[in-house]
Amino acid sequence: MPNILNASFQAAEGESIQLYLDAEGIVVSTGSACASGDIKPSHVLMAKTGDAEVAHSSIRFSFGLDNTEADIERVMEVLPGIIERLQKISTIERNIK
Amino acid sequence: MNEGQDWIYTDMVKEHFMHPRNFLFGDESKFKCDAVGIVGNPICGDQMKMYIKVKDDKIEDIRWKTYGCASAIASTSALSELAKGKTLDEALKISAKDIDDYLGNLPKHKFHCSVLGHQALAEAIEKYRERQ
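Residues numbered from 1 in each chain as written. Chains lettered and ligands numbered in written order. Predicted model: local features only at pLDDT ≥ 70, side-chain atom pairs only at ≥ 80, totals over all residues. Heavy atoms only, no water.

What about the interface of chain B and chain A?
Put simply, an interface is often sized by how much accessible area is lost when its parts join up. Tallying the contact residues gives 32 residues for chain B and 32 residues for chain A. Approximately 2600 Å² of surface area, both sides summed, lies buried where chain B meets chain A, with 59% of it carried by carbon and sulfur atoms. The partner of E15(A) in a salt bridge is K110(B), and the shortest N-O contact between them spans 3.0 Å. Across the contact surface, chain B and chain A share 14 residue pairs in polar contact (both at pLDDT 80 or more). Looking at the side of chain B that touches chain A, the elements that each hand over two or more residues are α1 (11–18), β2 (46–55), β3 (58–67), α2 (70–83) and α5 (108–114) of chain B. Looking at the side of chain B that touches chain A element by element, the count peaks at 4 residues for β3(B). (Contact = heavy atoms within 4.5 Å. Buried area = accessible area lost by both parts, 1.4 Å probe. Salt bridge = Lys/Arg side-chain N within 4 Å of Asp/Glu carboxyl O. Polar contact = N/O pair within 3.5 Å; in protein donor to acceptor, adjacent residues only side chain to side chain. Helix = DSSP H or I, 4+ residues; strand = E, 2+ residues; numbered from the N terminus.)

This is the structure in structure tokens:
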């Protein structure tokens, strides 16, 4: 699906990213709608990456006709801070600076 | 996931997720502690680390780090509040149910994977006692 983008972030868990974004009025998911409510890592991401930690550290953006460039800019305003905050309280050491 | 739904968590969980207490931000060497305990595994989606500072057999100060979902972060934050100032024996008695009660109950499917912090705390206390 060309309108769907998966993004994985080292050391930051997907649902936490999702809910901090939700608090900013930005709605994303942590997996497909048909797997909604399932806490297991996405089988698609598992098949693609083979890494459960990466699969757990993922969010999924679904874009529609109503989305604008301003929406994307808004995401980019708040997302880096959310990721950094989660990484700094995470038990997982980041390998990249 | 909560697409098209309201928050699945209580206000207390939301409060501890949005404004966690006693977390250790960034470099862990910044907090001079007496012992550390760890539980969980990122592969399973949740991992918690508890850092304790002990004085006169009491938890004088406590910090934590968590990789995990909102309920994992909130429950570790809640545990840190419950444990602070307690004697080591009292802190060892804090159970998953105590954390769940404090937070006003987590969703059932989240309980077992996210309320693990007390095991990390017990490990930290055990390590502290071994060294005494």
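Structural notes on the sheet that holds strand β1 (residues 35–41) of chain B
Residues and elements named next belong to chain B. Pairing is antiparallel across the open sheet formed by 3 strands, whose spatial order is β1-β2-β3. With one partner strand each, in any of the chains shown, β1 and β3 form the two edges of the open sheet. If you compare each strand with its neighbour and ignore which way they point, the axes differ by 15° on average. In terms of strand pairing, β2 meets β3 through 9 bridges, oriented antiparallel. Across the sheet, residue V54 finds its bridge partner in β3, namely I59. Of the strands in this sheet, β2 and β3 are in contact with α2, which crosses β3 at around 175°. (Pairing = 2+ DSSP bridges. Axes fitted to C-alpha atoms, helices over the stretch in contact; angles between N-to-C directions.)

Some thoughts on the nonpolar core
With 54 residues, the main nonpolar core has I17(A), L21(A), I52(B), I59(B) and L121(B) as its most contacted residues. Broken down by element, the residue count for this core peaks at 8 residues, all from α2(B). Beyond its immediate chain neighbours, meaning those up to four positions away, I52(B) contacts C33(B), D34(B), A35(B), I59(B), D61(B), I62(B), L121(B), A124(B) and I125(B). (Core = buried A, V, L, I, M, F, W, Y, C linked by side-chain atoms within 4.5 Å. Buried < 20%, exposed > 50% of the residue type's maximum accessible area, 1.4 Å probe, protein only.)

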